[in-house]
Amino acid sequence: MIKLVPITDVKASEYNPRKNDEKRLALTEMSLRKLGFLLPIYADTSGEILSGHQRHLVATRMGFTRIPVQYVNNMDLNERKTVNILFNRATNDLSKQDTCDKIKSRLYNMDIQSMCEALPDIEPDSEASFPCVYAIRRVDTTQLAKVNHRNFDSHIAALAKTLERSVGSSMPIVIGQDMNVVNGIGRLQVAAEAKRKFVQCVQVTKAQEEFSSAMLNLLSMDFSMESSYADVLRYNSFMRERNTRETDTEGNCAFGDGFFKGLFPNNNGRDFFKLEGEALEAWKNKYGDKIVDFGAGKLNNTRTLRNAGVFVSAFEPYFVTTGDTIHKEKSIEIANKFLDEVESGVEYTSVFISSVFNSVPFMEDRIKIAQIAAALCSPGGRVVCWCQSNESQQFVITKKHSVTNNARLTFDLDYEPNTVLGDISKHPKVQKGHTADELKDIFSRSFKSIDRIDMISKFWYLEATKPTVNPERLAEALDFEFNLPYPDGTTLGLADRAREVFEKRLGITLPGKEETGHGD
C-alpha cells in the first residue's frame, strides 16, 4: 500500500550506484513539476530509500513536505544493495542492450522543452502532485494486455518479475488515454502470465504521454558500479553451484576446459574424470608437475591433478561448499596453505588462471592477478589463462533471446566493453568477454613473451613466459589480492604475510604500503 508520509521519514542509502547529474536532476524537477509522482518511492521499514533517491532529493529542493512511499520488509545490507540495482534497472522499460550511455544519448536528443511547455505546473504537496496516491485505479488485466501484447518482451518481464519477488509487491503501471502502456510493460506481462484479474494503473493525459515516457523510461542516472558497488562485485565473483561440473560414479569431477584445451582442443572435460596414462604424460610434458591453480573455485581441478600425482598449490579467496554462501574460514585456511607452499620455494612450472577473468569485475584487478602470476612463475615458468571472449553467446545475444530463468537474466554495463551484470536477483555478478588485445595488455605488463593466444570454442587460451617482477606493482597487487573484501565487511587480512612470503621467495624487498599509496 502506498502511503503519503513526511519527506523526512525516509533517507537516502549510501550505496546507490546512480551518479547524480545536475542536468538530469533538472529534468527530474521538471518531471515532478509537470507530472507529479506517477510512481511511489520505495523504502524499507527503517526509512532507507531503495528506489527514488533523485526524486526525494529534488522534491526536498522543491519544497515538498510529503512524498508517496511504498514500504517493504527490512533486508540485510547485501539484499538491499541487490534490490537497489534491480530498481535502478527494472522500473524502466529497457532492453538488455540499453546501457546508461545509450539511454542518455536518446534522452538528450529529444526536444524535452517542446514536450512539456504546454503542460501546466502542478503545485507541490497538492493532490495533483501525487497521482500514484489519488489517481490510481484498477484496470482489467486481460483488456490491457490485448492492447499492449505486441510490446511484451521476455527480458523486461523477467526483470519485473525478479523485482516483484524481491520486494513482495508490484509497482503501478502508467498508461495513456488509449490504454497504451507508457511505463510498466514488463509488469503488465507478469500480471497477464500470472492470470491476475486486475492491475493497478495511473493514467496520464494525452498531452502528458510523450513526456511521461521519456521521464519514466529514459531518465536514468549513470551507474557507478566501479565505486559504490566495487566490493560487492568482487565478492560476488564466487563460483556458483550451477557451474559445478558433472561427476562420474566415483565422485570424480570433469576436468576444467582451461586445464586441457590448449593440449587437447577436441576433447571435453568428461574425457578426463581421471587424468592418467598417456594423457597424463602428455599433460606433464606440456605443463610440468608443479602447478598453481589461481582462483581454484571449489578445488575440483586441484583434486583431479593431485589425484594424478601433480603438485598443486591452490588459491581461492571465495570458497563456497554448497549453496551461495562464501565459507570465509575455509577460504582463509586455503590462502594460508597457499602462502606456506609459496614460501617453501617450490619452482612452479605453470600457473593456471582458468575461468577466473570471466568474473573478475575490473581491468585493474585482472592486471594485479597477472602480476602475482609473474612472481609465482619466476624465473622460468609459464602462465596459462583461459577466459571467455567477446564472441561468447551472452555478448552477442539478441533481444529476441528467451530469458528462461533468473540465473540467465543479464543486462549490459558500459564501464568496460563487453561487460554484463547477471545473477541480479541474489548476488549480482559481472561477466566479462575479452578481446585478444585486452588479454595482451594484461599480460604484456608482466611477461616479456606472449607465446600463444588462440580462440577455442569462443574462449581464449593464452600462454605467456619470461616473467618480469616490478616490486612496486607486485606490492600493490599483493596488498589488493590478499586483502579482498567479504560480505560481512571484513577482509582476507593476509596482505602483510603475503608481502613477507614473496619477499623471501624472490629475495627482494617490497616498498612499504606508504610508498605504494596503500597505507592506512
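Residues numbered from 1 in each chain as written. Predicted model: local features only at pLDDT ≥ 70, side-chain atom pairs only at ≥ 80, totals over all residues. Heavy atoms only, no water.

Undergrad: I tried to follow the packing of aromatic side chains on my own but got confused; where do I start?
TA: Any pair of aromatic rings gets described here by the distance separating the centres and the angle formed by the planes. Overall, the coordinates contain 22 aromatic pairs when judged by the stated rule. Between the aromatic rings of Tyr287 and Phe352, the centroid separation amounts to 5.1 Å while the plane-to-plane angle is 65°, which identifies the pairing as edge-to-face. Remark: Phe352 occurs in strand β13 (residues 350-354) and Tyr287 occurs in helix α12 (residues 277-287); sequence separation between them is 65 residues. For the pair Tyr287 and Phe352, one class covers both residues: buried. Where Phe443 meets Phe447, the ring centres are 6.2 Å apart and the plane angle is 50°; that geometry is what we call tilted. Here Phe443 and Phe447 have matching classes, each one buried. Positioned over the ring face of Tyr108 is Lys23, at 3.8 Å from the centre of the ring. In this structure, Lys368 is placed above the aromatic ring of Phe480, and the distance from its NZ or CZ to the ring centre is 5.6 Å. (Phe/Tyr/Trp six-rings, centres within 6.5 Å; stacked < 30°, edge-to-face > 60°. Helix = DSSP H or I, 4+ residues; strand = E, 2+ residues; numbered from the N terminus. Buried < 20%, exposed > 50% of the residue type's maximum accessible area, 1.4 Å probe, protein only. Lys NZ or Arg CZ within 6 Å of the ring centre and 35° of its normal.)

Undergrad: Just checking my understanding: could you explain the packing of helix α7 (residues 141-148) against helix α9 (residues 185-193) for this structure?
TA: Orientation of α7 relative to α9, taken along the N-to-C sense of each, is 125°, at an axis distance of 10 Å. With respect to α9, the element α7 is oriented oblique. Taken as a pair, α7 and α9 cross one another with a handedness that is left-handed. Facing Thr141, Leu144, Ala145 and Asn148 of α7, the residues of α9 in contact are Ile185, Leu188, Ala191 and Ala192. Tallied by class, residues from the contact of α7 with α9 come to six nonpolar, two polar and no charged. (Axes fitted to C-alpha atoms, helices over the stretch in contact; angles between N-to-C directions. Parallel < 35°, antiparallel > 145°, perpendicular 65-115°, else oblique. Left-handed = near helix turned anticlockwise from the far one by under 90°. Contact = heavy atoms within 4.5 Å. Nonpolar A, V, L, I, M, F, W, Y, C, P; charged D, E, K, R; others polar.)

Undergrad: Explanation requested: the sheet that holds strand β4 (residues 49-51) in the structure shown.
TA: Hydrogen bonding along the main chain pairs the strands of a sheet, whether they run parallel or antiparallel. Judged by pairing direction, the sheet is mixed, and its four strands sit side by side in the order β1-β5-β3-β4 without closing on themselves. Across the chains shown, the open sheet's two edge strands, defined by having one partner strand only, are β1 (2-6) and β4. Strand-to-strand twist in this sheet, taken as the mean axis angle between neighbours without regard to direction, amounts to 50°. In this structure, strand β3 (residues 41-44) lies alongside strand β5 (residues 66-72), joined through four bridges in parallel fashion. Among the inter-strand pairings, Asp44 is bridged to a residue of β5, identified as Val72. Contacts from helix α3 (residues 77-90) reach β3 and β4, with the element oriented near 35° to β4. (Pairing = 2+ DSSP bridges.)

Undergrad: Can you help me understand unusual backbone geometry in this one?
TA: With glycine set apart, most residues show a phi of negative sign, and most peptide bonds adopt trans. Omega for the bond connecting Ser378 with Pro379 falls within 30 degrees of zero, at 5°, which places this linkage in the cis form. Within the secondary structure, Pro379 sits in the loop between α15 (363-377) and β14 (382-388). Here Asp125, not a glycine, exhibits a phi torsion of approximately 80°, which is positive. Along the polypeptide, Asp125 turns up in the loop between α5 (112-116) and α6 (131-134). With phi around 60°, Lys195 is a residue other than glycine that occupies positive phi space. Here Lys195 lies in the loop between α9 and β9 (198-203).

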